[in-house]
Each structure stands twice: as C-alpha cells, then as structure tokens.
Amino acid sequence: DIRLDLAYFNYNLNDDFTLIGGKMKNPFYRPDKTPILWDGDLNPEGLALNYKKGAIQANLVGYSVEERSSADDTLMFGGQIMFTHDASESITLNSGIGYYDYRELKGNAPLYDGSSKGNTLDADGNLAFDFNIAELFVEMKTTLSDRPLSVYGNYFRNTAADDLDTAYTVGFKYGKVSAPGSWDFGLAYLDVEADAVLGTFNDSDFGNGNTDSKGMILRGGYGLQKNMSLGLTYIDSEFNQSQLTQTDYDRLQLDYILKFK
C-alpha cells in the first residue's frame, strides 16, 4: 500500500486554460477556506480543468472517489464558477456558484471506514441518499485600519435528499499573519444538516467530523519570525441535531507553523 500526499501534473493549455491530473490540491475556491464541503487537507484524485481570465475563474472536475471490484466505482463530477467585482477602490466582491454530482453512493456502504459521519443510512446500513450538492457563496474583501478584512457566507443544498438537506456558514477574518508581530483573527458559525454534504469529506474537526452539527469556529494567528508563526483554533460545536439527544464537542488546537521557500 503506497500513500502519497500529492502526485499530479499541471499543464498550461494556453493563457486561459490549465489541465491538472493526479492527486492534486483542491482547486475549488473556498472563502476563508470554509470547511463545510471540503476538509482543509483533502487532496482529491482525478482531472481538473481550470479557466481564469479577467474577473472570471472556473473549474470543471472529474474525481475518483472510491473503487469497487464487485460494483460500479463512486465518481464525482462537478464545477464551480466565481466572479470578482471591484465595487470601489477599497472593496472587492467575490461571488460564485457550484454543483457537485456524486455517482453510485445511494445504496452503498459509507466510504472508506464504513462510518456514516452523520449521513442518513437505510435499514441495511447503506447510504439512504445520493449527493448532488448545489453551492452559492459571496465574499467581501476590504481593509480596516490598514489590515485586510473578509466577510463571507456560504450556502449548500443536497438536491438528492428528501430532508435535512441544507448547510450554511457565515463569518469573517481580520488581519493577516506575514511579518513578525502581525496577527489575524476570525470567527465562523456553521450549521450542517445531516444530508446536506457527504460526511466523509467535510471538516474532520468540527462536530467530531459529523454532519448534523452546528456551532462556531474561532481562529487566531501570530507571526513569531519570518516564515514562523503560531495558530490557535477553538471549536464549540454539537452534533446529532436531528436526534433526541445532542452531543457537545469542543476542541482546542495549537499549531506551530514553519514555511520553507
């Protein structure tokens, strides 16, 4: 068994189009790296076609999700388009839509470790729904007291689920860690219904990695030296929202970050 973090090619077809193939960094735009749909360290496998020209940025992808010897493989086909608009000299707006269509999920066991991660199962312990997820997001970027400020919102809906099919987040980030003594601070509120997103790939830290969860993520960072910083994250969440009894899940993380260039 060989495990690779990244192994991909990146080929510029022309000035506007780039083709990426292999196990790659996630090409989709996430305001402030919003973790509802994609965990931050998820590196998908497959092909991605990126388009970028002027105020438009778009991605079309085909990913291999899980291979099966006795049944059809699970694949994901999706796309996202983002528009950037300069509302004024100091305000930039990013807005976009996306759609992600998973194949061969309904009626199959949950992916990888067999855990539903909050998704609804049928009587046989298999996934009760497919996942065809629509996305809408908007983000405003500006400066406040000479520091960058980002305010954003994301909305998701699984069009293949009968109920408990929506998720959203709203939040902000202020500042940026760069030079020694610089800092940033951010706060986000997340509400993820049970079948809004595929539990296998959403944030593995929030709500103990489960959908059917809600709560807040508080983050801060501080620059110690050039290419060296500290990060602090506090998660205040609870899961099993649709069940009779909810479970609190709090997590505190401290990161020591070194960057090599």
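The structure this text deals with has already been given above.
Residues numbered from 1 in each chain as written. Predicted model: local features only at pLDDT ≥ 70, side-chain atom pairs only at ≥ 80, totals over all residues. Heavy atoms only, no water.

Novice: Outline the overall build of the protein, supporting the account with residue identities and numerical values.
Specialist: Scanning the protein for helices and strands turns up zero helices and 13 strands. Over its C-alpha atoms the protein spans a radius of gyration of 19 Å, differing by no more than 12% from the 18 Å that the globule rule assigns to 261 residues. Overall, the C-alpha framework of the protein stretches about 55 × 50 × 40 Å when taken along its three principal axes. Looking at the 261 residues of the protein, the share that counts as buried comes to 41%. Intrachain contacts of the protein at a sequence separation of at least 6 include 51% that bridge at least 24 residues. Mean positive and mean negative side-chain charge positions of the protein (22 and 38 charges, respectively) differ by 9 Å. (Helix = DSSP H or I, 4+ residues; strand = E, 2+ residues; numbered from the N terminus. Rg over C-alpha atoms; globule rule 2.2 N^0.38 Å. Buried < 20%, exposed > 50% of the residue type's maximum accessible area, 1.4 Å probe, protein only. Contact = heavy atoms within 4.5 Å. Lys, Arg positive; Asp, Glu negative; His and termini not counted. Charge placed at Lys NZ, Arg CZ, Asp CG, Glu CD.)

Novice: Talk me through the nonpolar core; I want residue IDs and the actual numbers.
Specialist: Trp38, Met76, Tyr102, Ile133 and Val197 are the most contacted members of the largest nonpolar core, which totals 32 residues. Secondary-structure elements contributing two or more residues to this core are strand 4 (56–66), strand 6 (92–103), strand 8 (147–158) and strand 10 (183–192). When near neighbours in sequence (up to four residues on either side) are disregarded, tyrosine 102 contacts Trp38, Val65, Leu75, Met76, Phe131, Asn132, Ile133, Leu198 and Phe201. (Core = buried A, V, L, I, M, F, W, Y, C linked by side-chain atoms within 4.5 Å.)

Novice: Describe a nonpolar patch on the surface, with residues and values.
Specialist: A cluster of nonpolar residues, Phe185, Leu218, Tyr222, Leu224, Leu230, Leu232, Tyr234, Leu252, Leu254, Tyr256, Leu258 and Phe260, forms a patch on the protein surface that exposes about 1200 Å² of accessible area. Listed by contribution, the elements that provide at least two residues to the nonpolar patch are strand 11 (213–225), strand 12 (228–239) and strand 13 (247–258). Relative to the helices and strands, tyrosine 222 resides in strand 11. (Patch = residues over 30% accessible without salt bridge, like charges linked within 9 Å, V, L, I, M, F, W, Y side chains within 5 Å. Areas by Shrake-Rupley, 256 points an atom, 1.4 Å probe, with all protein chains shown as cover. Salt bridge = Lys/Arg side-chain N within 4 Å of Asp/Glu carboxyl O.)

Novice: Describe the side chain of aspartate 195, with residues and values.
Specialist: On the secondary structure map, aspartate 195 appears in the loop between strand 10 and strand 11. Leave out the neighbours within four places in its chain, and aspartate 195 touches Asn119, Thr120, Phe129, Phe131, Asn158, Ala161, Asp163, Leu164 and Asp165.

Novice: Got a sec to walk through the pattern of salt bridges? Specific residues and values, please.
Specialist: Applying the stated rule across the entire model yields six salt bridges. Across the pair aspartate 101 and arginine 103 runs a salt bridge whose closest N-O atoms are separated by 3.2 Å. Accessibility expressed as a relative area gives 18% for aspartate 101, which makes it buried. Taking the shortest distance from any N to any O, the salt bridge between aspartate 184 and lysine 173 comes out at 3.8 Å. One end of the pair, aspartate 184, is in strand 10; the other, lysine 173, is in strand 9 (residues 166–175), with eleven residues separating them in the sequence. You can call aspartate 184 buried: its relative accessible area is 16%. Looking at lysine 173, the relative accessible area reads 30%, which means it is partly exposed.

Novice: Summarise a positive patch on the surface; cite the residues concerned and give the values.
Specialist: Among the surface-exposed residues, Lys33, Lys141, Lys176, Lys226, Lys259 and Lys261 lie close enough to one another that they form a single positively charged patch. Looking at the element boundaries, lysine 141 is found in strand 7 (residues 132–144).

Novice: Any details on a negative patch on the surface? Residues and values, ideally.
Specialist: Side chains of Glu67, Asp72, Asp73 and Glu104 sit close together on the surface and give a patch of like negative charge. If you trace the backbone, aspartate 73 turns up in the loop between strand 4 and strand 5 (74–86). Take aspartate 73: its relative accessible area is 32%, and that puts it in the partly exposed class.

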